Amino acid sequence: MPQTDKQICIPPELPELLKQFTKAAIRTQPEDLIQWAADYFGAMSHGEIPPVRERSERVTLSNWAELTPELLKILHSRVAGRLIINADELAQMWKVLSLPTDLFNSVMNVGRFTEEIEWLKFLALACSSLGVTIAKTLKIVCEVLSSDHDSGPPRIPFSTFQFLYTYIAEVDGEISASHVSRMLNYIEQEVIGPDGLIRVNDFTQNPRVRLE
């Protein structure tokens, strides 16, 4: 096989382009991912608007269930408190709930998960396909994780919230680490009570908490 000294140059825009593509795939949940990808990059190459479905336009596929916080809560209960879960086992749980395979694969790609999956990270990315903003995504995660059965707002340990917010912001790539740190410090010092729990309205209704 002939050898060449020619170096392959990777455009500096490629990582950002791939990140936006993957986020668009999660949001759109195409039936045929390969064809959709061809249409997506074809539109981008011609300076056209890519075929990204808005959340308000999402429809339920005939053979698949629509992903909802309720189904994610069922999935979370079946993970049964484990921090790490095998990819094949999680894929089977996902299939049993008739959730879209393409969405599962997209979450796996975004999270760069392999055989062993950090469940909270996977859950956060799955919730991001439902949440328009980071705040709404964290609200959905809290609702899924909360074990409260009373009429109060969903709540989770602040340490869990800290982990999730930091991870989602890191994947999003548009929020500085310093901003995340400032918000977490403010919440911990000024918002969290002695029980160490954060409630949904602590970050959705407090004007001083700006997660974006």
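Rules used in this analysis
- Residues numbered from 1 in each chain as written.
- Predicted model: local features only at pLDDT ≥ 70, side-chain atom pairs only at ≥ 80, totals over all residues.
- Heavy atoms only, no water.
- UniProt positions renumbered as here; feature names shortened; annotations may be inferred.
- Salt bridge = Lys/Arg side-chain N within 4 Å of Asp/Glu carboxyl O.
- Buried < 20%, exposed > 50% of the residue type's maximum accessible area, 1.4 Å probe, protein only.
- Helix = DSSP H or I, 4+ residues; strand = E, 2+ residues; numbered from the N terminus.
- Expected span 1.5 Å × (residues − 1).
- Arc of directions from axis to C-beta.
- Contact = heavy atoms within 4.5 Å.
- Phe/Tyr/Trp six-rings, centres within 6.5 Å; stacked < 30°, edge-to-face > 60°.
- Axes fitted to C-alpha atoms, helices over the stretch in contact; angles between N-to-C directions.
- Parallel < 35°, antiparallel > 145°, perpendicular 65-115°, else oblique.
- Left-handed = near helix turned anticlockwise from the far one by under 90°.
- Nonpolar A, V, L, I, M, F, W, Y, C, P; charged D, E, K, R; others polar.
- Patch = residues over 30% accessible without salt bridge, like charges linked within 9 Å, V, L, I, M, F, W, Y side chains within 5 Å.
- Areas by Shrake-Rupley, 256 points an atom, 1.4 Å probe, with all protein chains shown as cover.

Taking an unreviewed UniProt entry as the reference, the chain is identified by name as Rhophilin associated tail protein 1 belonging to Equus caballus. For the record of the chain, the UniProt heading Subcellular location (unreviewed entry) holds the text "Cell projection, Cilium, Flagellum". Per its UniProt entry, the chain bears the Sequence similarities (unreviewed entry) comment "Belongs to the ropporin family."

Student: Break down the pattern of salt bridges for me, with residues and values.
Tutor: Inspection of every chain in the model, using the stated rule, returns 4 salt bridges. As a salt-bridge pair, R199 and D195 come within 2.7 Å of each other at their nearest N and O atoms. The class of R199 is partly exposed, set by a relative accessible area of 23%.

Student: Quick rundown of helix α9 (residues 177-191)? Include the residues and the values.
Tutor: The first and last C-alpha atoms of α9 sit 20 Å apart over 15 residues, in line with the 21 Å expected at 1.5 Å per residue. For α9, the set of buried residues is H179, V180, M183, L184, Y186, I187 and V191. The buried residues of α9 all sit within an arc of 160° when viewed along its axis, so they share a single face. The outward face of α9, more than 90 degrees from its buried face, is lined by the exposed residues A177 and Q189. Among the structural elements, α8 (158-172), β4 (197-199) and α10 (200-204) are those in contact with the buried residues of α9.

Student: Residue-level account of the packing of aromatic side chains, with values.
Tutor: Throughout the structure, instances matching the rule amount to 13 aromatic pairs. With 5.9 Å between their ring centres and 20° between their planes, W119 and F122 make a pair best called stacked. Residue W119 and its partner F122 are located together in helix α6 (residues 119-128), separated by 3 residues, close to a single helical turn. Pair check on accessibility: W119 and F122 agree, each one buried.

Student: Summarise the packing of α6 against α8; cite the residues concerned and give the values.
Tutor: Orientation of α6 relative to α8, taken along the N-to-C sense of each, is 60°, at an axis distance of 10 Å. Considering the angle they form, α6 stands oblique to α8. Read as a crossing pair, α6 and α8 show a hand that is right-handed. Contacts between α6 and α8 pair L120, K121, A124 and L125 from the former with T160, F163, L164, Y167, I168 and V171 from the latter. Looking at the contact of α6 with α8 residue by residue, the classes come out as 8 nonpolar, 1 polar and 1 charged.

Student: Can you break down a nonpolar patch on the surface residue by residue, with the values?
Tutor: On the surface, L17, L18, F41 and M44 cluster together to form a nonpolar patch covering roughly 300 Å² of accessible area. Counting only elements with at least two residues in the nonpolar patch, the list comes to α1 (14-28) and α2 (33-45). Along the polypeptide, L17 turns up in helix α1. A residue is classified by how much of its surface remains accessible, and L17, at 30% relative accessible area, is partly exposed.

Student: Tell me what's going on with the side chain of T137, and back it up with residues and numbers.
Tutor: In this fold, T137 is placed in helix α7 (residues 134-145). Residue T137 is classed as buried on the basis of its relative accessible area, which comes to 3%. Apart from the residues within four sequence positions on either side, T137 is in contact with A124, C127, S128, G131 and I168.

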